[in-house]
Amino acid sequence: MNRAEKAALQLRAVDVLRMLKETRTYDELAETTGLPAGDLNRYVNGHVLPGTERAREVVEDIGREALAAELDARIRVDDEGYVDNSGTVFDQSFLDLVAPVVANAFEFDRPDVVLTAATDGITLAASLASYYGTRCAYAKKSKETAVEEFIEARQRLQSGIELTYYLPAAAIDAGESVLVVDDLIRSGETQELLLDIVGTSEAEVAGVFALIAAGEDGIHRARDRTDAPVGSLTSV
Ligand SMILES: O=P(O)(O)OC[C@H]1O[C@H](OP(=O)(O)OP(=O)(O)O)[C@H](O)[C@@H]1O
Ligand SMILES: Nc1ncnc2[nH]cnc12
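Counting restarts for each chain, with residues numbered from 1 along the sequence as it is written. Here every chain gets a letter starting at A, and every ligand a number starting at 1, in the order they are written. Local features in a predicted model are, by the rule used here, given only for residues with pLDDT of at least 70; side-chain atom pairs are given and counted only at 80 or more, and totals for whole chains, interfaces and linings are based on all residues.

**Student:** Explanation requested: the pairing of strand β6 (residues 162-168) in the structure shown.
**Tutor:** Regular strands show a simple pattern: their side chains alternate between the two faces of the sheet. Strands are labelled as partners when DSSP assigns at least two bridges between them. A run of H or I in DSSP becomes a helix once it reaches four residues, and a run of E becomes a strand once it reaches two; helices and strands are each numbered from the N terminus. Bridge count between strand β5 (residues 150-156) and β6: seven bridges; the pairing is antiparallel. When the sheet's bridge partners are listed, Glu 152 is paired in β6 with Tyr 166. In this antiparallel pair of consecutive strands, β5 and β6, the connection spans five residues, and Gly 160 shows a positive phi of 95°.

**Student:** What is the right way to look at the UniProt feature "domain: Phosphoribosyltransferase" (unreviewed entry) in the protein in this model?
**Tutor:** UniProt positions are given in the numbering used here, feature names are shortened, and annotations may be inferred rather than shown by experiment. The residues that UniProt annotates with the feature "domain: Phosphoribosyltransferase" (unreviewed entry) are residues 109-218. Its end C-alpha atoms 21 Å apart, residues 109-218 is made of 23% helix and 39% strand.

**Student:** Can you walk me through the site of ligand 1 in this structure?
**Tutor:** Nearness is defined per residue: the C-beta atom, placed using the backbone, must lie within 6 Å of the molecule or strand. Around ligand 1, the structure places 15 residues, and the nearest of them are Thr 119, Asp 120, Arg 186, Ser 187 and Thr 190. For the shell around ligand 1, the secondary structure elements donating two or more residues are β7 (177-185) and α8 (189-200). The greatest single-element share of the shell around ligand 1, amounting to four residues, is contributed by β7. The nonpolar class holds Ala, Val, Leu, Ile, Met, Phe, Trp, Tyr, Cys and Pro. Asp, Glu, Lys and Arg form the charged class, and all remaining residues, Gly among them, are polar. Tallied by class, the residues present in the shell around ligand 1 amount to four nonpolar, six polar and five charged.

**Student:** Can you walk me through the environment of Ala 153 in this structure?
**Tutor:** The topology assignment puts Ala 153 in strand β5. Separated by 31 residues in sequence, Ala 153 and Ile 122 place their C-alpha atoms 18 Å apart. Throughout, a residue-residue contact means that the two C-beta atoms, derived from backbone geometry, are no farther apart than 7 Å. When residues no more than four places from it in sequence are discounted, the contact partners of Ala 153 are Thr 164, Tyr 165, Leu 193, Asp 196 and Ile 197.

**Student:** Help me understand the pairing of strand β3 (residues 113-117), please; the structure alone is not making it clear to me.
**Tutor:** The buried count for β3 comes to five of five residues, which makes it a mostly enclosed element. A two-sided burial pattern is seen for β3, the buried positions comprising Val 113, Leu 115 and Ala 117 on one face and Val 114 and Thr 116 on the other. Across three bridges, β3 lies against β7 in parallel orientation. Within the sheet, the bridge partner assigned to Val 113 lies in β7 and is Val 178. Here a residue counts as buried when 20 or more other C-beta atoms fall within 10 Å of its C-beta, as exposed when 12 or fewer do, and as partly exposed in between; the C-beta atoms come from the backbone.

**Student:** Could you clarify how one ought to interpret the packing of helix α4 (residues 52-74) against helix α6 (residues 92-105) in this entry?
**Tutor:** To characterise two packed helices, one gives the angle between the axes of the helices and the distance between these axes. At a minimum axis separation of 9 Å, α4 and α6 run at an interaxial angle of 125°. By the angle between their axes, α4 is oblique relative to α6. Crossing angle aside, the handedness with which α4 passes α6 is left-handed. On the side of α4, the interface is formed by Val 59, Glu 60, Gly 63, Arg 64 and Leu 67, while α6 contributes Leu 97, Val 98, Pro 100, Val 101, Asn 104 and Ala 105. Of the residues that constitute the contact of α4 with α6, the class distribution is seven nonpolar, two polar and two charged. The angle between two axes is taken between their N-to-C directions and runs from 0 to 180 degrees, where each axis is a line fitted to C-alpha atoms and a helix contributes only its stretch in contact. Note that the term roughly parallel is reserved for angles under 35 degrees, roughly antiparallel for angles over 145, roughly perpendicular for angles of 65 to 115, and oblique for everything else. A crossing counts as left-handed when the near helix is turned anticlockwise from the far one by less than a right angle, and as right-handed when that turn is clockwise.

So, in structure tokens, the structure goes:
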């Protein structure tokens, strides 16, 4: 890790600690993190930065658990098992905290493009793309005007309805590495269409990630399609 990467990791750890501190006293934060309350106070107030190893622990372990818990608290599941996650996907600052934690906790190769499906995956994809410093692309259920060439992926869903996603062909180049993300994965049909688009582009899959897995079907379906890491931050 070079000096800039170390500094970035240390600052991300401070962001995670500040988020946790919003709903905790320093004693409670010490209990959550296992770190001394005095040190935490200095980190949160910006007087001292945590050392690299401590920062890594905060971002990868403590951060992942804490963000999963925060995500769980923001999700509403209705009587039929459908998820309302607008409390998450509308909150770009929360997603900006999720991005480094996800990038460090899952073993995704650094992508050239973060790909999602419109609509609800877009804010997560934007956060991850911004974290990696890469492009963000989203496939849509309709063709964008003025674009001449599209990659199309079509599938007949379990419901019998045919679904087509369109991505401007220039969004992904052959040989690029693509991280496929979405807010939610249930049947895995959407992720499969995104993986079809990656295949048609002759690009590589860096990983598949969803904030929420509703059941295990979608995760299994994605794992059948790629050897790259597949995971979610939480499941319902
Ligand atoms: O794993 P699956 O069964 O394919 O379900 C997951 C997809 O469903 C939702 O999108 P939706 O089609 O509702 O579109 P939206 O993002 O515009 O709400 C969600 O955002 C995922 O993209
Ligand atoms: N919001 C949602 N909750 C559960 N399953 C879904 N499939 C598509 N959208 C969904």
